[in-house]
Amino acid sequence: MNHRLLRFILNGGLIAYPTESCYGLGCSPFLYNAITKINNLKNRSKNKNFIIIGNELRQFDRLIKDMNTNEKKKLHTKWPGPHTWLINANKKSPKWLTSSNKIALRIPSFMPCKRITKAIDQPVISTSLNKSGKRSIKNYRDACRLFNGKVKIIKGQIGKNRKPSSIHDFSSGIIYRE
């Protein structure tokens, strides 16, 4: 499954998968055409930023500046878990992923998310599977009913979290979402 899934994602495919709080929608963060597909599918503003999830810190090497040991320890006070850090992007990071030279990254503890990013050994975009402004999809059946044929839907149950991940700026400590 991992080779087929990786090939699908690297060819610009969109996936729907269970997350801690709802069904998520993802793609390769490095493919602008896949990002555009997500924005179109969700009727989402292209100016809105995305969260990127990975299985381990090294999967973000193409996106962020090198970090020292203390910085890595700070990241891991909240990771793995439902916590998103806004981190300084490196110069190679695609501009469609950054805002004010920051990029939103998360290493989830929720196994379905970990399995996907581990199996393909790549980070993926993580946004809610829904039309912009509408309720998030909470189960596989609704995901199939509303998005079948538009995305590859990975079967599974969502986690027990009621709200999305918290978001903190790594450098300033500003909390954007608790």
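What you see is a predicted model, and the numbers here were worked out from it, not measured in a lab. (Residues numbered from 1 in each chain as written. Predicted model: local features only at pLDDT ≥ 70, side-chain atom pairs only at ≥ 80, totals over all residues. Heavy atoms only, no water.)

A.B. asks: Let's hear about the pattern of salt bridges: which residues, and what values?
C.D. replies: For side chains of opposite charge, pairing can occur when their charged atoms come near one another. In the structure shown here, the tally under the stated rule is 5 salt bridges. One salt bridge connects Glu56 with Arg58, and the closest N-O pair in it is separated by 3.4 Å. Among the ionic pairs, Lys102 bridges to Asp169, the shortest N-O distance being 3.2 Å. Of this pair, Lys102 sits in strand β5 (residues 102-106) while Asp169 sits in strand β8 (residues 166-169), and the two are 67 residues apart along the sequence. Side by side, Lys102 and Asp169 carry an identical accessibility label, which is buried. A cluster of three or more residues bridged by salt bridges with shared partners is formed by Glu56, Arg58 and Asp121. (Salt bridge = Lys/Arg side-chain N within 4 Å of Asp/Glu carboxyl O. Helix = DSSP H or I, 4+ residues; strand = E, 2+ residues; numbered from the N terminus. Buried < 20%, exposed > 50% of the residue type's maximum accessible area, 1.4 Å probe, protein only.)

A.B. asks: An account of the layout of surface pockets is requested, with residue identities and associated values reported.
C.D. replies: If you add up the space inside the largest pocket, you get close to 840 Å³. Taken together, 37 residues form the lining of the largest pocket, with Ile51, Ser126, Thr127, Pro164 and Arg177 sitting closest to its centre. At the level of secondary structure, the elements contributing two or more residues to the lining of the largest pocket comprise β4 (83-88), β5, β6 (124-128) and β9 (175-177). One number sums up the size of the second largest pocket: a volume of about 170 Å³. Considering the residues around the second largest pocket, the lining is formed by 13 residues, among which Tyr32, Asn39, Lys46, Asn47 and Trp96 are closest to the centre. (1 Å grid on protein atoms, 1.4 Å probe; cavity = no way out; pocket = protein on both sides within 12 Å on 5 of 7 lines; lining within 4 Å. Points joined across faces, edges and corners; volume = space filled by probe spheres on them.)

A.B. asks: How would you sum up the side chain of Asn55? Please name residues and give values.
C.D. replies: Secondary-structure assignment places Asn55 in the loop between β3 (51-53) and α3 (69-75). We classify Asn55 as buried; its relative accessible area is 13%. A polar contact of 3.3 Å, which involves the side chain of Asn55, links it to the side chain of Lys114. (Polar contact = N/O pair within 3.5 Å; in protein donor to acceptor, adjacent residues only side chain to side chain.)

Structural measurements only, silent on function.
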